[in-house]
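Below are the chains, spelled out letter by letter.
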Amino acid sequence: IMSSDEEEEKFVVEDESEREKKLQQEERDVERKLNSTDPEIRKRIFFSKAAINATALVDSVDAVLLPCVFRAFERQFFVGPSVLGSISLFQSLAHSLSSPFWGYYADRSSRPALLSLGCLVVGLSTFCVGASQSITEVALFRTVTGLGLAAVGPIAQSLISDLVVPSKRGVAFGILGMMAGLGSMSGTLFATSISQIEVLGYSGWRFAFYVTALIATSLSFIVWMITFDVEREEVQPAPTMVIVDNTTISTESPHNRNHIHSNSETDAESVSERVTLLEKEKESSSATNPSSSSSS
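## Quick look at the packing of helix α7 (residues 169-194) against helix α8 (residues 204-226)
- In contact at an axis separation of 7 Å, α7 and α8 are set at 150° when each is read in the N-to-C sense. Judged by the sense of rotation from one axis to the other, the crossing of α7 with α8 is right-handed. Residues F190, A191 and I194 of α7 pack against G204, W205, F207, A208 and V211 of α8.
- Among the residues forming the contact of α7 with α8, the class breakdown is 7 nonpolar, 1 polar and no charged.

Right, here's the structure in full:
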């Protein structure tokens, strides 16, 4: 006959064992889905990953454009470092404050559509920066750019994690980071080298923004058309715990681990059954060993 502590440990061990089995089964299901022999599916997944990595590269290129053309802005708009620093602040604030919202809606709607929308916002706002005639317009449109850039990070990572089998996710995220690094390097080299010269009749800094805008806008349509979104299962809420006679019992029974219940009566019934079972075991223990029961 087990004590309360032993009974609690038993439930915990069972819960952990069931969770481990469920995770292993989910990994096998994902691997079967992503390792499909269907050439059409494999091609869609390959091009989807390529498009997502391209968004990370363009995102990094656009993010470094502003500091690379500070000197050109000083000469064009006759402003000092404090004004330029304020523009960077507005862009960063827009980026950081909007990221959670992009992530929230990515869990509840089409991720390729949101990623495409983010790239489109980046492309259009970057074009507007290139066409700006005042520093106020630059500040406004770079703030909008920050909103678009915030979509790329969380959504791209979410898509990559679902398009790659668990055993290869480290490599996939490493490639995503590499593309971001390449984007930062290429954007810095490109923008700084032409920012203060004329290119095809345009000021160099304007040309840099126009080219980046064209790439980002084109990429938004490519992402919309070819990115494959893996269907995600509904996530079961974390199990609640009840305490009966100093014993903690999880409401997550083997039955409701495998089925998501929307009816609260079913969950309450499951808890009641487990509590009743524990009370019966305690009564049996007391009847078998009266001395132990009276001392407790």
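## Digging into the packing of aromatic side chains
- One pass over the structure, following the stated rule, counts 9 aromatic pairs.
- Considering the side-chain rings of Y202 and Y210, the 5.7 Å spacing of their centres and the 80° angle between planes classify their relative orientation as edge-to-face.
- The positively charged end of R108 is found above the aromatic ring belonging to Y104, 3.8 Å away from the centroid.

## Observations regarding unusual backbone geometry
- Notably, F78 is not glycine yet its phi reads approximately 55°, a positive angle.
- Mapping F78 onto the fold places it in the loop between α3 (70-77) and α4 (81-106).
- On the basis of relative accessible area, F78 is assigned to the exposed category, the value being 72%.
- If you check the backbone angles, L200 has positive phi at about 55° while not being a glycine.
- Tracing the backbone shows L200 in the loop between β1 (198-199) and β2 (202-203).

## Some details on the pattern of salt bridges
- Counting across every chain of the model gives 3 salt bridges.
- One salt bridge in this structure joins E74 and R71, with 3.1 Å as the shortest N-O distance. With E74 and R71 both in helix α3 and 3 residues apart, this pair spans about one turn of that helix.

## Let's talk about the environment of D62
- By secondary structure assignment, the location of D62 is in helix α2 (residues 39-68).
- Expressed as a C-alpha distance, the spacing of D62 and A213, which sit 151 residues apart in the sequence, is 8.4 Å.
- Apart from residues lying up to four places away in sequence, D62 is in contact with V122, T126, R142, T145, L149 and T212.

## Description of a nonpolar patch on the surface
- Nonpolar side chains collect at one region of the surface, where V171, I175, M178, L182 and M185 lie side by side and expose about 470 Å² of accessible area between them.
- Structurally, I175 is set in helix α7.
- In this structure I175 comes out as partly exposed when scored by relative accessible area, which is 37%.

## Considering the confidence of the model for the protein
- Taken residue by residue, the protein gives an average pLDDT of 77. The fraction at 70 or more is 67%.
- Under a pLDDT of 50 for its full length, residues 292-296 has, in the predicted model, 1 contact with residues more than four places off or in other chains.

## Considering the packing of helix α5 (residues 111-130) against α8
- Contact geometry of α5 with α8 gives a least axis separation of 7 Å together with a crossing angle of 160°. On the basis of the axis angle, α5 is roughly antiparallel to α8. Between α5 and α8 lies a crossing whose hand is left-handed.
- For the contact of α5 with α8, the per-class residue count stands at 17 nonpolar, 7 polar and 1 charged.

What counts, and at which threshold
- Residues numbered from 1 in each chain as written.
- Predicted model: local features only at pLDDT ≥ 70, side-chain atom pairs only at ≥ 80, totals over all residues.
- Heavy atoms only, no water.
- Axes fitted to C-alpha atoms, helices over the stretch in contact; angles between N-to-C directions.
- Helix = DSSP H or I, 4+ residues; strand = E, 2+ residues; numbered from the N terminus.
- Left-handed = near helix turned anticlockwise from the far one by under 90°.
- Contact = heavy atoms within 4.5 Å.
- Nonpolar A, V, L, I, M, F, W, Y, C, P; charged D, E, K, R; others polar.
- Phe/Tyr/Trp six-rings, centres within 6.5 Å; stacked < 30°, edge-to-face > 60°.
- Lys NZ or Arg CZ within 6 Å of the ring centre and 35° of its normal.
- Buried < 20%, exposed > 50% of the residue type's maximum accessible area, 1.4 Å probe, protein only.
- Salt bridge = Lys/Arg side-chain N within 4 Å of Asp/Glu carboxyl O.
- Patch = residues over 30% accessible without salt bridge, like charges linked within 9 Å, V, L, I, M, F, W, Y side chains within 5 Å.
- Areas by Shrake-Rupley, 256 points an atom, 1.4 Å probe, with all protein chains shown as cover.
- pLDDT = per-residue confidence, 0-100.
- Parallel < 35°, antiparallel > 145°, perpendicular 65-115°, else oblique.

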